[in-house]
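Chain by chain, the residues:
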Amino acid sequence: MTSSSPTPIPEQAPAPEGSATAPVPPVLAEVVRSGFVEGRHRGSLVMLAADGSVESALGDVAAPVFPRSTNKPMQAAAVLRAGLELSGERLALAAASHSGESFHLDLVRTMLAEHGLTPDHLQTPPDLPLDPEEAESYLASGRVRDRLAMNCSGKHTAMLAAAARNGWPLASYLDQDHPLQQLVAEGVRAASGEEVAHVGTDGCGAPLLSLSLTGLARAFRHFVLADPGTPERRVADAMRAHPEYVAGTRRPDTWLMQALPGTLSKMGAEAVQALALPDGRALAFKIDDGATRTLGPILARLLRRMGVDSPVLARLEDAPLLGGGVRVGEIRAAF
């Protein structure tokens, strides 16, 4: 990986003076089929300099968004602050949106047993493995949707274990006013430097705390620059040392953290992505229509603008469109 001065992103034109409507979000990705642009994906993005200042931005990076699973490092740090002893692969899995590969599911079962828990304690919705190839194999073996197979089961196991350690209620571990969820909220505010404007319910049932994209990027920067031994740094170190447990063998977050040592990367549903480089530079973006197929090309473009040079970027930005089983186009970054 090499770095140089970042290439500035052209600023979005403001709305006309006196306009009653917000500016239209910029196009961040295009869908190109047979040489024809058949679709466009709009969104917002922010890049932070190493000192935490905003280097470049497009769209509205101050408005609250739901970070979805990019909140998971902050949730994992909360279980450490609650006194739960996790490290290595176990801590990485606590911050994971795992693919449902056998090594993920085996470790979830092991972690449950280690803390006197069973899959019946999990309140994740029954689901198939997140990785399509794993889901096909899972169904072909005769298995059905299961709480343990859901991609957030590692996080839920860690939350349950932290609650059990402290004698907190297990049945209500996902309630917003549960002691563990209060620790999560405190950590989100501290890492981002923002107050939480909205609280919702994530797809896995856990409380979902809003942040601006700028606050999200600052939170990831905070994790990579935290002092060694702090909960935030322990989570970042575990994720970076064991990226295959954070995502999976066929997932971009894993590829990135393997190829760019010291990088912390996490995607979330509805096309949210956050990343921090080891020197404190960071980024976050969200695609308004939730098209996760855009994440790789946009992330690769942003990293190139940040001066990163690595073969993994070509792998990330390769997002083909097929026609009749043959490549006829691509999803490409458009900024």
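Predicted model, so just to flag it, every value in this text is computed and none were measured.

Trainee: Sorry if this is basic, but what is going on with the pairing of strand 8 (residues 264-268) here?
Mentor: Each regular strand displays side chains that alternate between the two surfaces of the sheet. Of all five residues in strand 8, five are buried, a share of seventy percent or more. Here strand 8 shows no split at all, with L264, K266 and G268 on one side and S265 and M267 on the other all buried. Sheet analysis places strand 8 next to strand 9 (residues 272-276), joined by five bridges and oriented antiparallel. Paired with M267 across the bridge in strand 9 is Q273. The hairpin formed by strand 8 and strand 9 contains three residues between the paired strands, and E270 there has a positive phi angle of roughly 60°.

Trainee: So what exactly am I meant to see when it comes to the packing of helix 3 (residues 102-114) against helix 5 (residues 153-166) here?
Mentor: For any two helices packed against each other, the geometry comes down to the angle between their axes and how far apart the axes lie. As a packed pair, helix 3 and helix 5 sit with axes 10 Å apart at the nearest point and diverge in direction by 10°. With respect to helix 5, the element helix 3 is oriented roughly parallel. On the side of helix 3, the interface is formed by V108, M111 and L112, while helix 5 contributes S153, G154 and T157. Among the residues forming the contact of helix 3 with helix 5, the class breakdown is three nonpolar, three polar and no charged.

Trainee: Got a minute to help me understand the packing of aromatic side chains in this structure?
Mentor: Remark: the centre distance and the inter-plane angle together describe each pair of aromatic rings, the angle taken between the planes. Counting across every chain of the model gives one aromatic pair. Residues F103 and Y245 carry aromatic rings whose centres are separated by 5.0 Å and whose planes lie at 80° to one another, so their mutual orientation is edge-to-face. One end of the pair, F103, is in helix 3; the other, Y245, is in helix 9 (residues 243-246), and 142 residues separate them in sequence. Against the face of F335 rests R301, its NZ or CZ located 5.9 Å from the ring centre. A cation sits over an aromatic face here: R315 above W255, 3.8 Å from the ring centre.

Conventions used here
Residues numbered from 1 in each chain as written. Predicted model: local features only at pLDDT ≥ 70, side-chain atom pairs only at ≥ 80, totals over all residues. Heavy atoms only, no water. Buried < 20%, exposed > 50% of the residue type's maximum accessible area, 1.4 Å probe, protein only. Helix = DSSP H or I, 4+ residues; strand = E, 2+ residues; numbered from the N terminus. Pairing = 2+ DSSP bridges. Axes fitted to C-alpha atoms, helices over the stretch in contact; angles between N-to-C directions. Parallel < 35°, antiparallel > 145°, perpendicular 65-115°, else oblique. Contact = heavy atoms within 4.5 Å. Nonpolar A, V, L, I, M, F, W, Y, C, P; charged D, E, K, R; others polar. Phe/Tyr/Trp six-rings, centres within 6.5 Å; stacked < 30°, edge-to-face > 60°. Lys NZ or Arg CZ within 6 Å of the ring centre and 35° of its normal.

Just distances and angles here, no functional claims.
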